[in-house]
Every structure is written in C-alpha cells, then in structure tokens.
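Each chain is listed here by its residues.
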Amino acid sequence: MNKIKEINLILQGGGVKGLAYIGALRCLEEHGFKVKYVSGSSIGAIIGSLIIAGYDSYELEKIVNNIPYDIFLEKNNLSDQIKKGGVYSLSKAEKYLEKLLVNKNIRIFEDIKVGNNYKAIFISTSLKYQRIFVLPHDLKIININPDKFPIAKAVIMSASIPFFYERYKVNNDYFYDGGMSDNYPTWCFNKGIALKLGEESNLIKSVKNKIFGKIQNNNFIEEVFINTSGYKATDFKKGFFNKYDLYKRGYHAMESFINSRLIL
C-alpha cells in the first residue's frame, strides 16, 4: 500500500475560476496526497473549508453539480444595495456552506483545532484597521473567541468582494474579500503547494503594499499555475456551465507539476 503524503495547500482567490481546484485535488488524491492544512482567500477559503471538513474531490464535484449557480447571485433590493454596500448577498451561500460543514460534524474553529493551530486559515480584510485580517486568529482583536467562531462566517468574510457583495459586519466592523489585502497567502506555511489562478498587475500590488504593507515570504512553497484564461471571477453562469473544463484545467496543471518532479 502506498504511503499517504500529507501536504499544506494554499488556494488563491479567483471567484468561479476556483472550480479548477476540484480537478487539482482529484489529481493529488490519485497520487496519494492528502491535505493536512489549508490557507486561502475568497473561493480558496470556500473550497479549502470543505477540504478540511473532509470532502474529497468526488464529493465536491457532486456538490457543484447539484448546487444552483445563482446561490452566489442573490440580489439585494436597491435600498439594501446602497445600505449594505453591495449588489448581491452571500447569505444563502453561507447557510448552504454551514449545512455542508455540519454534515461532516464541523461547525466552529475548535472543531478543526490541532494543539494551538487550526487546520484552516482564511484571509479577510478590515478597512477599519487597514490590515489583513487572518481568520480565526485575528478575531481576538475584536474581542471574539476564535475557537467558538463559525467557520462558515469566516469563509464568507473572506469572500465578500467589495461592491459586488455586501460588506460583512461583525462587532461593528466591516470585512471584505481577502483578495483586497492578500489574495495569495503563501506565507501561512513554511512548506506547501500553492495553486494560482492568475497574476495581479504591478499597480494593484503597489496599492495593496501601500495600504496594507508588504508581506515578506521566505517559505518553501511550490507553485502550480492553473490557466483559467477566458473566465471572469464573477461570471458564475459561465463557470458553472463549463465546470468540467475548469476541472480539467486544474487536473492537468497539477499532473504536469507532479510529473515534473521525481520527489515531492
């Protein structure tokens, strides 16, 4: 029997393009890899939370095949769009995610705690503090016990794209998509595999560094680039309709990466 090889996985944000992660996970599973810890932003947080809860690629494929894409496009009325600062709401998506996690007996961060660490780290953004908000750790800043905080809430805090989705309010602070501050949290682990969906422009990087500070990363992270050209992050209809294309892109990117290394 082949020995299971545990890895840390970093998942970049990228909206519906993140469906490609399911194909990449399938390839990892077929080569005897198991995800031990995960970090992610936005869609990376959504997929990452389900992986850590215990869903394999086949279960994730089934979920995507059965979930209506418009669960991510719950439109607010005009007054709420103005009041809440976003056209769409993720409330239905949050409830659905919470149900999926509970099906695996996972609800709060205490359920995925190992010693003083958590199996999953998600990135959100606080404009009030003008900083990256690392979940669940930074919840202490707003006087919340990280252990008792619902994972589904943290994931949606990480996925609230400004103006597209309504801002997420917790304890009189508003939280936004992790991609605003750090869409690719490779610094979370000393070693791991990072799945990347696209490049940010130098201008965006410069603005982020100016507002949130530059992140130093000297860790040993191996990068796998998944070509998702032709897809926009918020085009859920197209992404879900072409989900098997995205699965294949993720699978082949990971397969090429693994085959290029004799020892991983």
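Reading the values: rules and limits
- Within each chain, residues carry numbers counting from 1 in the order of the written sequence.
- Only residues with pLDDT of 70 or above have their local features reported here, since the model is predicted, and side-chain atom pairs are shown and tallied only from 80 upward, although totals for entire chains, interfaces and linings are computed over all residues.
- Heavy atoms throughout the structure, all of them, feed into the side-chain values; hydrogens and water do not.
- Only DSSP runs of H or I reaching four residues or more are called helices, and only runs of E reaching two or more are called strands; each is numbered from the N terminus.
- Accessibility here uses a 1.4 Å probe with only protein chains present; expressed as a share of the type maximum, an area under 20% marks a residue as buried, one over 50% as exposed, and anything in between as partly exposed.
- Note on contacts: a residue pair is in contact if any heavy atoms of the two residues lie within 4.5 Å.
- Areas reported here follow the Shrake-Rupley algorithm with a probe of radius 1.4 Å; residue values treat only the protein chains shown as occluding.
- His residues and chain termini do not enter the charge count, which takes Lys and Arg as positive and Asp and Glu as negative.
- For the purpose of locating charges, the reference atoms are NZ of Lys, CZ of Arg, CG of Asp and CD of Glu.
- Only centres within 6.5 Å qualify two rings of Phe, Tyr or Trp (six-membered ring in Trp) as a pair; their planes then separate them into stacked at under 30 degrees, edge-to-face at over 60, and tilted for everything else.
- One speaks of a salt bridge when a side-chain nitrogen belonging to Lys or Arg is within 4 Å of a carboxyl oxygen belonging to Asp or Glu.
- The axes used here are C-alpha line fits, helices contributing only the stretch in contact, and every angle between their N-to-C directions lies in the interval 0 to 180 degrees.
- For classification purposes, angles smaller than 35 degrees are called roughly parallel, those larger than 145 roughly antiparallel, those between 65 and 115 roughly perpendicular, and all remaining angles oblique.
- Handedness of a crossing is defined here by the sense of rotation of the near helix relative to the far one, left-handed for an anticlockwise turn of less than a right angle and right-handed for a clockwise turn.
- Nonpolar residues are Ala, Val, Leu, Ile, Met, Phe, Trp, Tyr, Cys and Pro. Charged residues are Asp, Glu, Lys and Arg, and all others, Gly as well, are polar.

Visitor: Quick one: what's the story with the overall build of the protein, residue by residue and with numbers?
Guide: Helices and strands together make up the secondary structure of the protein, namely 9 helices and 13 strands. Oriented by its inertia axes, the alpha-carbon framework of the protein measures out at about 55 × 40 × 40 Å. Per-residue burial over the protein gives 54% buried out of 264 residues. Once local pairs closer than 6 in sequence are excluded, the contacts in the protein between residues at least 24 apart make up 75%. For the protein, the exposed surface amounts to about 13,300 Å²; the carbon and sulfur share of it is 51%. The positive charge centre, built from 37 side chains, and the negative charge centre, built from 26, are 2 Å apart in the protein.

Visitor: How would you summarise the packing of aromatic side chains if you had to cite specific residues and measurements?
Guide: Following the criterion strictly, the structure yields 9 aromatic pairs and no others. The interplanar angle of 45 degrees and the centroid separation of 4.8 Å between the aromatic rings of Y88 and F164 together place this pair among those described as tilted. Placement of the pair is Y88 in strand β4 (residues 86–89) and F164 in strand β9 (residues 163–165), with a sequence separation of 76 residues. By relative accessible area, which is 18% here, F164 ends up buried. Seen in terms of ring centroids, F109 and Y118 are 5.9 Å apart; in terms of plane orientation they differ by 85 degrees. Their pairing is edge-to-face. In this structure, F109 and Y118 share a single accessibility class: buried. Each member of the aromatic cluster is reached from another via a ring pair, and the members are F72, F236 and F240.

Visitor: Could you give an account of the pattern of salt bridges, naming the residues involved and the relevant values?
Guide: Tallied over the full model, the rule gives 8 salt bridges. R26 is paired through a salt bridge with E61; the nearest N and O atoms lie 2.8 Å apart. Of the two residues, R26 is situated in helix α1 (residues 20–30) and E61 in helix α3 (residues 57–66); the sequence distance between them amounts to 35 residues. The exposure class of E61 is buried, given its relative accessible area of 16%.

Visitor: How would you sum up the packing of α1 against α3? Please name residues and give values.
Guide: Each pair of packed helices can be summarised by the angle the axes make with each other and by the distance between the axes. At their nearest, the axes of α1 and α3 sit 9 Å apart, and the two run at 160 degrees to each other. Judged on the interaxial angle alone, α3 and α1 are roughly antiparallel. Helix-helix and strand crossings are classified by hand; for α1 and α3 the assignment is left-handed. Contacts between α1 and α3 involve I22, L25, R26, E29 and E30 on the former and, on the latter, S57, Y58, L60, E61 and V64. When its residues are assigned to classes, the contact of α1 with α3 shows 5 nonpolar, 1 polar and 4 charged.

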